[in-house]
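# Structural characterization, general
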Amino acid sequence: MVIVSITPEIALEKSVNYAGGLGVLAGDKFYAAGDMGLDYLVLSLFYRHGYVKIDFLPTGEPRLTHEEASRDFFRQLHPEGEFTVKLRNMEVHVIPWSYEYRTAKAVLFEAMCPEWARKLNERVYIEDSEEEKFYKYALLAKAAATYLREFVGLEKIYVLDLEESYTSLVLYELKELIPKARIVIHTPGPWGHPTFPGYLIKQEFGIDVSEYVNMTEETLGKLSRAIVVSKKQKDIISRIFPKYEHKIISITNGVYLDRWMHPRLRKALTEKKLSTNLLKEVRSEAKEALSSLIRQYKHIDLKDKLVVTWARRLARYKRPYFVMKFVEEYPDLTEVVYVISGKPHPKDPDGLNYLNMLRILSQKYKNVVYIPDYNLEVARLLLQGSDIWLFTPFSGWEACGTSYMKALINGVPVVSSKDGGVLEVVRDGYNGWLFGDDIRELINIYNDPRAKQVDAKDYEEFKEKVLSAIDCYFNKPDEYWEMALNAAKETPLIVDIKHALRSYYGNPALVSSSKNN
């Protein structure tokens with residue numbers, strides 16, 4: 001029996017087929033499933049030019065271009081023939097490219113012709129119009145349905161997980177799989193709940209629907225089960241879609257330890273030999289690797305410095321302006337090096353504004369480094385080589401988050417707001433510092449006056465906690481390293497993504513691959 005996951009993005013090693021958290025999570029699930037011997041199939045689109053690459057013009061102005069997949073990644077792909085699907089009443093030729101890891105397989109669909117269809121594969125989450133966005137996911141739906149019918153066999157499918165409602169158009173093609181399908185909701189934000197014109201749905205799938213269809217609402221109505229990715233998000237999503245509260249369960253995200261935990265720490269944890277001295281040694285080694293990265297952007301000696309890192313997508317609800325404001329308020333903390341990394345969506349005015357602000361901040365202060373090219377490799381160096389990790393989402397808006405998990409498993413304490421899965425992992429004063437309120441509703445951060453009040457209160461607490469963390473590192477080193485060891489020893493036992501996969505799929509023996517039998 002085959003587990004099937006359909007996702008808008010997936011971060012496979014050496015690929016650019018992802019934009020952020022959902023893609024990285026999909027990749028972590030994929031590799032962990034392969035290790036567990038699950039017959040696991042992920043379906044997505046093949047994006048030729050990835051998401052966003054940022055460089056700077058001689059004037060200092062940022063320039064957003066596209067990424068290019070590496071030849072190493074191309075060499076790992078294998079075409080599985082070719083088939084056609086009908087889109088806009090035309091035949092579209094599709095190649096399914098497969099990538100295998102042990103018992104897990106990812107299939108990425110590439111539209112070859114006509115030319116307008118090829119454009120749908122260009123970039124992750126970047127389209128010129130709402131209509132183009134619809135056709136991108138219609139292509140994914142029709143290609144996935146064809147592949148499952150012709151290459152897998154519908155009778156062999158154990159469960160069909162739809163990652164976000166962008167992928168749920170496939171249910172119009174595979175009505176017989178509705179009893180086996182679930183939707184996994186990865187964000188409370190409106191960008192995760194697309195509304196498509198009814199006439200396009202009728203034109204492509206022959207289904208009469210309303211003038212505009214909220215795909216999450218529509219999918220929740222069809223299915224018997226929905227999954228959210230942290231315990232707190234069950235409360236948030238149930239408020240947004242109260243009619244379907246009884247269908248919602250929570251399975252908290254995790255991380256693939258072999259991908260994110262420093263190999264020496266991973267080995268020591270397995271052998272039960274993890275100690276403070278070893279952690280200090282590994283962190284020193286990791287900081288030297290981070291120094292090599294930082295020197296590509298600015299000459300800074302990290303010796304005897306405290307590295308404080310904020311690395312996320314540049315979006316308003318993630319509040320990069322907290323660390324920027326802190327830097328401006330405390331310019332004399334020159335023993336602290338601030339490393340900030342992240343990309344905006346090219347059509348997000350807030351994100352583009354933060355990008356400009358970070359450029360100016362890094363030019364103004366010698367101890368601030370902005371790393372625009374945030375990818376898997378950069379993330380690993382940051383997570384393993386930092387001393388304090390900042391996680392600052394507006395409470396209620398972060399579905400789960402995993403960067404704090406990845407920092408903690410490397411013995412890097414976290415300063416975090418009380419959101420997402422943080423409440424299940426971080427303990428104030430034990431493996432990190434918590435600030436702010438645990439808000440269980442989705443306050444509109446764009447026009448609700450309460451948002452500014454929350455921000456003001458949160459920032460004051462954030463500032464106090466960061467100052468406490470800095471003081472702890474320099475003046476109470478025994479306390480700091482005890483917290484770091486607590487994080488490295490205990491967090492992997494909580495956040496191993498294999499726990500989440502067992503909650504998703506029950507007894508692994510039911511869906512273990514025939515390759516292992």
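To be clear, the structure that these remarks concern was listed above.
Residues numbered from 1 in each chain as written. Predicted model: local features only at pLDDT ≥ 70, side-chain atom pairs only at ≥ 80, totals over all residues. Heavy atoms only, no water.

## Topic: the overall build of the chain
The cut-off we apply is this: A run of H or I in DSSP counts as a helix once it spans at least four residues, and a run of E counts as a strand once it spans at least two, with each numbered from the N terminus. The reference for a compact globule is 2.2 Å times residues^0.38; the radius of gyration itself is calculated from the C-alpha atoms. Here's how the labels work: a residue is buried when its accessible area is under 20% of the maximum for its type, exposed when over 50%, partly exposed in between, all with a 1.4 Å probe on protein chains only. Residue contacts are counted whenever heavy atoms from the two residues lie within 4.5 Å of one another. Note on areas: Shrake-Rupley with a 1.4 Å probe; residue coverage comes only from the protein chains shown. In this tally, Asp and Glu contribute negative charge and Lys and Arg positive charge; neither His nor the terminal groups of the chain are included. A charge is said to be at NZ when it belongs to Lys, at CZ for Arg, at CG for Asp and at CD for Glu.
Counting secondary structure elements, the chain contains 18 helices and 20 strands. Its C-alpha atoms give the chain a radius of gyration of 23 Å, within 12% of the compact-globule value 24 Å for 517 residues. Reported as C-alpha extents along the three principal axes, the dimensions of the chain are approximately 65 × 50 × 45 Å. The buried share of the chain, reckoned over its 517 residues, is 61%. Pairs at least 24 apart in sequence give 70% of the contacts found in the chain among residues at least 6 apart. Accessible surface, the chain: about 20,300 Å² in total, of which carbon and sulfur atoms supply 50%. Positive and negative charge centroids in the chain, built from 70 and 71 side chains respectively, lie 2 Å apart.

## Points about the sheet that holds strand β17 (residues 368-371)
The condition that has to hold: In this description, strands pair whenever DSSP reports at least two bridges between them. Think of each axis as a best-fit line through the C-alpha atoms, taken over the contacting stretch in the case of a helix, with angles from 0 to 180 degrees between the N-to-C directions.
Reading across from one edge, β17-β16-β15-β18-β19-β20 is the order of the six strands in this open sheet, with parallel pairing throughout. Edge positions in the open sheet fall to β17 and β20 (432-435), since each of these has one partner strand only. Adjacent strand axes in the sheet meet at a mean angle of 20°, parallel and antiparallel pairs treated alike. Where strand β19 (residues 414-417) meets β20, four bridges bridge the pair, whose relative direction is parallel. Within β20, the residue paired with Val414 across the bridge is Gly432. Against the sheet, helix α16 (residues 449-475) engages β15 (306-311), β16 (336-341), β18 (388-391), β19 and β20, with an angle of about 165° to β20.

## Focus on the nonpolar core
Selection criterion: For the purposes of this section, nonpolar cores are sets of buried Ala, Val, Leu, Ile, Met, Phe, Trp, Tyr and Cys residues that join through side-chain atoms within 4.5 Å.
Ranked by size, the top nonpolar core spans 182 residues in total, and within it Phe30, Leu43, Phe109, Leu169, Val170 and Tyr404 carry the most contacts. Among the elements that make up this core, the one with the highest residue count is helix α4 (residues 130-152) (13 residues). The residues touching Leu43, leaving out its near neighbours within four places in the chain, are Val4, Ser5, Ile6, Thr7, Val107, Phe109, Leu140, Ala144, Tyr147 and Leu148. The next biggest cluster of nonpolar side chains, apart from the first, holds nine residues, and it includes Ala315, Ile439, Ala451 and Val454.

## Description of helix α6 (residues 198-205)
For clarity, the cut-off: Directions drawn from the helix axis to the C-beta atoms are what define this arc.
Three or more residues of α6 are buried, namely Gly198, Leu200, Ile201, Glu204 and Phe205. Along the long axis of α6, the arc covered by the buried residues comes to 160°, so they all point the same way. Among the structural elements, β6 (83-87), α4, α5 (170-173), β11 (195-197), β12 (212-214) and α7 (215-222) are those in contact with the buried residues of α6. One or two residues past the end of α6 sits Gly206, with phi positive at roughly 70°.

## A short note on unusual backbone geometry
Both trends apply: most residues other than glycine have a negative phi, and most peptide bonds are in trans. Note the cis peptide between Cys113 and Pro114, where omega equals 5°. Here Pro114 is to be found in the loop between β8 (104-113) and α3 (115-119). Of note in the backbone geometry, Lys272 takes a positive phi value of approximately 55° without being a glycine. Looking at the element boundaries, Lys272 is found in the loop between α10 (263-270) and α11 (276-294).

## Some points on the side chain of Arg312
Summarising the element assignment, Arg312 is placed in the loop between β15 and α12 (321-329). The residues touching Arg312, leaving out its near neighbours within four places in the chain, are Lys318, Ser341, Gly342, Lys343, Tyr374, Phe391, Pro393, Glu398 and Ser403.

These values are about where atoms sit, not about what they do.
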